[in-house]
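This is what each chain is made of:
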Amino acid sequence: AGAAMTPTAQLRPGDILCYRPTGLMGWAIATKTFHNWAHGEMVWVPGVTNAAARNEGVNLYPMRWDGLGRALRPPDGFDFDQAVRYFATVRWQRYDWLGLFAYVRLGRGKGDSQYCSELCTNLMRAGWHADWPDPFNGEDSRIIPPYYFPCLAGQLRVVWSDGKP
């Protein structure tokens, strides 16, 4: 998505950004999961996201536009403050390279590191109201892949899309 296509004005804290594969690792993730999604981040403030980036780990980062395919909004009432509290407990964790292999059941990480969709799942659960059904059906956050978020059509509303399926 070029600069003219960026949805900055449409975004608000708590939105989930879904990215298409742009590099070798992204293509490997998309191929392994049989979907055209490779990365996810949560909007912190417009222009800043929190993410589990490959070498830097869990932290706040400038929003990136390359490969952005969809922006999804949690339901009204999502408690972003609770997501912020959770983030404060995991900020600075390492990127979970071992946990990334959970897709092939070779490992599940140690709980001291996270990868992108695992972090997004945990942030969503932190802000999700207890009386709402779990959008992840009780699955361990360490096995939720990036494609799961665009598939939550009944739970998350599309606020921006690149128009591709």
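Residues numbered from 1 in each chain as written. Predicted model: local features only at pLDDT ≥ 70, side-chain atom pairs only at ≥ 80, totals over all residues. Heavy atoms only, no water.

Attention now goes to the environment of A52. Secondary-structure assignment places A52 in strand β3 (residues 48-53). Residue A52 is classed as buried on the basis of its relative accessible area, which comes to 1%. When neighbours within four sequence positions are excluded, A52 is seen to be in contact with H39, G57, V58, Y95, Q114, Y115, C116 and L119. (Helix = DSSP H or I, 4+ residues; strand = E, 2+ residues; numbered from the N terminus. Buried < 20%, exposed > 50% of the residue type's maximum accessible area, 1.4 Å probe, protein only. Contact = heavy atoms within 4.5 Å.)

Let's shift gears to the packing of aromatic side chains. The relation between two aromatic rings is expressed through the spacing of the ring centres and the mutual angle of the planes. Scanning the model with the defined rule gives five aromatic pairs in all. Arranged with centres 5.4 Å apart and planes meeting at 70 degrees, the rings of W44 and F80 form a pair that is edge-to-face. Taken as a pair, W44 in strand β2 (residues 39-45) and F80 in helix α2 (residues 80-90) lie far apart in primary sequence, 36 residues in all. This pair shows no difference in class: W44 is buried, exactly as F80 is. Each residue in the set W44, F80 and F87 is aromatic and connected to the rest through ring pairs, giving one cluster. A cation over a ring is seen here: R20 above W37, with NZ or CZ 4.1 Å from the ring centre. Seen from the ring of Y19, R64 lies directly overhead, with NZ or CZ sitting 4.0 Å from the centre. (Phe/Tyr/Trp six-rings, centres within 6.5 Å; stacked < 30°, edge-to-face > 60°. Lys NZ or Arg CZ within 6 Å of the ring centre and 35° of its normal.)

On to the side chain of D15, then. Here D15 lies in the segment before β1 (16-19). Reaching out from D15, the side chain makes a polar contact with the backbone nitrogen of R12 at a distance of 3.0 Å. The residues touching D15, leaving out its near neighbours within four places in the chain, are Q10, E41, M42, V43, L72, R73, P74 and V159. (Polar contact = N/O pair within 3.5 Å; in protein donor to acceptor, adjacent residues only side chain to side chain.)

The subject of this paragraph is helix α4 (residues 116-127). The end-to-end C-alpha separation of α4 is 17 Å, in line with the 16 Å expected for twelve residues at 1.5 Å each. Burial within α4 is extensive, with ten of its twelve residues counted as buried. Of the positions making up α4, those classed as buried are C116, S117, E118, L119, C120, T121, N122, L123, M124 and G127. (Expected span 1.5 Å × (residues − 1).)

Below, the discussion takes up the nonpolar core. Judged by nonpolar contacts, the single largest core of 26 residues is most densely connected at I16, M42, F78, M124, F136, F149 and L156. Put simply, the parts of the chain that give this core at least two residues each are β1, β2, α2 and α4. Once residues lying within four places of it in the same chain are set aside, the contact partners of F78 are G14, M42, A83, L123, M124, G127, W128, H129 and W132. One finds L11, L17, V43 and W160 within the second-largest nonpolar core, a separate group that totals nine residues. (Core = buried A, V, L, I, M, F, W, Y, C linked by side-chain atoms within 4.5 Å.)

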